[in-house]
Amino acid sequence: MAVEERTECPIAHIAFIMDGNGRWAKKRGMPREFGHRQGAEVFRKILRRCCELGICASTYYVFSTENWKRPKKEVDAIMELLERYLDECEREMEKNDVRFVFLGDKSVFSETVQKKMLHIEDVSKKNRYIANLALNYGGRSEICMAVNKLIDEGKTNICEDDITGALYTEASPPLDLIVRTGGDLRISNFLLWQAAYAEFYFTDKLWPDLVPTDVDMIVENFTTRNRRFGGV
Ligand code: IPE
Ligand code: IPE
Ligand code: MG
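Residues numbered from 1 in each chain as written. Chains lettered and ligands numbered in written order. Predicted model: local features only at pLDDT ≥ 70, side-chain atom pairs only at ≥ 80, totals over all residues. Heavy atoms only, no water.

As for the site of ligand 1
Here is step 1 of the chain: Around ligand 1 there are 13 residues in total, and Asp19, Gly22, Arg23, Arg32 and Arg70 lie nearest to it.
Here is step 2 of the chain: Arg32 is positioned such that a nitrogen or oxygen atom in its side chain is 2.9 Å from an oxygen atom of ligand 1.
Here is step 3 of the chain: Coverage of ligand 1 by the protein chains reaches 87% of its 380 Å² of free accessible surface.
Here is step 4 of the chain: Under a 2 Å grid-point criterion requiring more than half of the atoms, the pocket assigned to ligand 1 is the largest pocket.
Here is step 5 of the chain: At the level of secondary structure, the elements contributing two or more residues to the shell around ligand 1 comprise α1 (21–27), α2 (32–52) and α3 (72–96).
Here is step 6 of the chain: The element best represented in the shell around ligand 1 is α1, accounting for three residues. (Near = heavy atom within 4 Å. Polar contact = N/O pair within 3.5 Å; in protein donor to acceptor, adjacent residues only side chain to side chain. Areas by Shrake-Rupley, 256 points an atom, 1.4 Å probe, with all protein chains shown as cover. 1 Å grid on protein atoms, 1.4 Å probe; cavity = no way out; pocket = protein on both sides within 12 Å on 5 of 7 lines; lining within 4 Å. Sits in = over half its atoms within 2 Å of the grid points. Helix = DSSP H or I, 4+ residues; strand = E, 2+ residues; numbered from the N terminus.)

Right under this line is the structure:
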């Protein structure tokens, strides 16, 4: 679909907890890394669909601050996939008019990876659809980071809007919906501040089984929700 044909979507900001890669691989008698490889393919397709549907911002939980606890072999495989993706990003950003933003503390990554991330963020800055990739991301640590940033700026009395504006997601519209695949009903330290009035969509489908038309269906389901934001 050409960019001009894209119409406005009822969802401005959707977030995905892309869970279930390991179980998907296990079901096939394969190592967990195999699931992550498939998961990365699915991520590419879902991101494209979100852009086609005209969703202004989509956020993807790629690697949490707690995921470092996993075996080195698995972590290394995820980091390798990440590097490969960073090398392809420029094609993606041009084709789909995507602006990439990396959520999380970049300082733990190698100099090369950090440079690539900063370069991608910089060259895609003017693009239309935001793709937030949460890498070494934790919701609690994000809030601490935001508060410390405000303190460094000399703020002594911090309000809610100050924090919202100091988070990694400052360029994105308010969060409408969090989708979690893999059947677990929890938030796992994801977008804690942003989730205040977000809707939730849980599915038993494992992330590598998700298909682009599932996003259409999820958007359709979202339109039936009655969001009251504490009102009547
Ligand atoms: C999500 O899938 C990907 C990451 C957390 C990096 P998992 O690897 O958690 O898959 P399951 O939940 O063990 O099946
Ligand atoms: C959440 O999945 C993190 C990502 C999808 C990157 P986890 O598999 O790490 O979450 P828990 O451990 O089941 O809560
Ligand atoms: Mg998991």
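A short note on the packing of α2 against helix α7 (residues 212–222)
Here is step 1 of the chain: Packing of α2 against α7 leaves a shortest axis separation of 8 Å and a crossing angle of 45°. Viewed along their axes, α2 and α7 adopt a mutual orientation that is oblique. Here α2 runs over α7; the crossing is right-handed. Contact residues: α2 offers Lys45, Ile46, Arg49 and Cys50, while α7 offers Pro212, Val215 and Asp216. (Axes fitted to C-alpha atoms, helices over the stretch in contact; angles between N-to-C directions. Parallel < 35°, antiparallel > 145°, perpendicular 65-115°, else oblique. Left-handed = near helix turned anticlockwise from the far one by under 90°. Contact = heavy atoms within 4.5 Å.)

What about the site of ligand 2?
Here is step 1 of the chain: Every residue near ligand 2 is listed here: Ile17, Met18, Asp19, Tyr61, Val62, Phe63, Asn67, Arg70, Arg180, Arg186 and Ser188.
Here is step 2 of the chain: Arg180 places a polar side-chain atom, nitrogen or oxygen, 3.4 Å from an oxygen atom of ligand 2.
Here is step 3 of the chain: Calculation on ligand 2 without its partners gives an accessible area of 390 Å², and the protein chains cover 78% of this total.
Here is step 4 of the chain: In terms of residue class, the shell around ligand 2 is made up of five nonpolar, two polar and four charged. (Nonpolar A, V, L, I, M, F, W, Y, C, P; charged D, E, K, R; others polar.)

A closer look at the sheet that holds strand β2 (residues 57–64)
Here is step 1 of the chain: Read across the open sheet, the six strands follow the order β3-β4-β2-β1-β5-β6; overall the sheet is parallel. Bordering the open sheet on either side are β3 (98–103) and β6 (199–202), each of which pairs with just one other strand. Pairs of neighbouring strands in the sheet enclose a mean axial angle of 20°, with direction left out of account.
Here is step 2 of the chain: Direction of pairing for β3 relative to strand β4 (residues 129–137): parallel, over a ladder of six bridges. Along β4, the bridge assignment pairs Phe100 with Ala131.
Here is step 3 of the chain: Strands in contact with α2 are β1 (13–17), β2, β3 and β4; relative to β2, the strand with the most contacts, it is inclined by about 160°.
Here is step 4 of the chain: The strands touched by α7 within the sheet are β1, β5 (177–180) and β6, with β6 carrying the most contacts at an inclination of about 140°. (Pairing = 2+ DSSP bridges.)

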